[in-house]
Amino acid sequence: MRYHNITKDDMLNGDGLRVVLWVSGCSHCCEGCQNPITWDCEGGLLFDASAKQELFDELNKDYISGITFSGGDPLFYRNRPDVAELIDEIREKFPDKTIWLYTGYEWEAIRDLPMMKKIDVVIDGPFVKELLDKQLKWRGSSNQKVIDVQKSLQREDKEAVLFCD
């Protein structure tokens, strides 16, 4: 997996103070995307042991609520195995930290991925420039949903349950 940045003490990409991993690779290529530089799966830096340690050092801080995966798209096909493995490790080492994930895929397409069992919140759907709304919390366009993953998975119909702060 490759990444572009690790943002520390972030308050914009999830609830509380967070660390954000901006992964490389995205096939959605949404018009008006705020991070088109992250689309190239060969761009950025190799996510190595040093980068992982940087994430873990941040997650070790009491005041950090959790991690947010963004990009690019953490669920871009080349990212899925590494993101899933990292989520497993984070959930094991930091069980009290929340895991948020931004993706251009819609809930119906990703809800059955095994990694969803360990994610707290997903912001789903492609960014749609015509639906841009700067008043929205944690998302850019009104088609995107902020989903409480665990409550959604508990529903028999697996319908998305929206996260409320």
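Residues numbered from 1 in each chain as written. Predicted model: local features only at pLDDT ≥ 70, side-chain atom pairs only at ≥ 80, totals over all residues. Heavy atoms only, no water.

Re the nonpolar core
Note the following rule: To define a nonpolar core, start from buried Ala, Val, Leu, Ile, Met, Phe, Trp, Tyr and Cys residues and group those joined through side-chain atoms within 4.5 Å. Only protein chains enter the accessibility calculation, which uses a 1.4 Å probe; a residue whose area is less than 20% of its type maximum is buried, one above 50% is exposed, and one in between is partly exposed. Going along the chain from the N terminus, every DSSP run of H or I of four or more residues is numbered as a helix, and every run of E of two or more is numbered as a strand.
By size, the foremost hydrophobic cluster in this structure holds 32 residues, and its most contacted members are L21, L55, F69, L86, I90, M116 and I119. Breaking this core down by element, the ones donating at least two residues are β1 (2-10), β2 (18-23), α1 (49-59), β4 (66-71), α2 (80-93), β5 (98-102) and α3 (107-110). Of all hydrophobic cores here, the second largest spans six residues; its members include Y102, V121, I123 and V146.

A look at the packing of α1 against α2
Defined as follows: Every axis in this analysis is a line fitted to C-alpha atoms, fitted for helices over the stretch in contact. Angles between the N-to-C directions lie between 0 and 180 degrees. For this classification, under 35 degrees means roughly parallel, over 145 means roughly antiparallel, 65 to 115 means roughly perpendicular, and everything else is oblique. Rotating anticlockwise by less than a right angle from the far helix to the near helix defines a left-handed crossing, while the corresponding clockwise rotation defines a right-handed one. The criterion used for residue contact is that any of the two residues' heavy atoms lie within 4.5 Å. Residues are grouped as follows: nonpolar covers Ala, Val, Leu, Ile, Met, Phe, Trp, Tyr, Cys and Pro; charged covers Asp, Glu, Lys and Arg; every other residue, Gly included, is treated as polar.
As a packed pair, α1 and α2 sit with axes 12 Å apart at the nearest point and diverge in direction by 30°. When the interaxial angle is binned, α1 and α2 end up roughly parallel. Note on packing geometry: the crossing formed by α1 with α2 is right-handed. Side by side, α1 and α2 meet where K52, L55, F56 and L59 of the first sit next to L86, E89, I90 and K93 of the second. For the contact of α1 with α2, the class distribution of residues is five nonpolar, no polar and three charged.

Considering the sheet that holds strand β6 (residues 121-124)
Adjacent strands of a sheet pair through backbone hydrogen bonds, lying either parallel or antiparallel. To be explicit about the condition: What makes two strands pair is DSSP finding at least two bridges between them.
Read across the open sheet, the seven strands follow the order β3-β1-β2-β4-β5-β6-β7; overall the sheet is mixed. If you trace the sheet from one side to the other, it starts and ends with β3 (45-46) and β7 (145-148), each paired once. Running over the sheet, α1 touches β1, β2 and β4 and is turned about 15° from β1.

As for α2
The criterion, for reference: Take the residue count of a helix, subtract one, and multiply by 1.5 Å to get its expected span. Within this analysis, the arc is defined by the directions that extend from the helix axis to the C-beta atoms.
Here α2 spans 20 Å end to end across 14 residues, near enough to the 20 Å set by a 1.5 Å rise per residue. Every buried residue of α2 is listed here: V83, L86, I87, I90 and R91. Take α2 and look down its axis: the buried residues cluster within an arc of 135°, on one side only. Among the exposed residues of α2, those oriented more than 90 degrees off its buried face are P81, E85 and E92. Its buried side turned inward, α2 meets β2, α1, β4 and β5.

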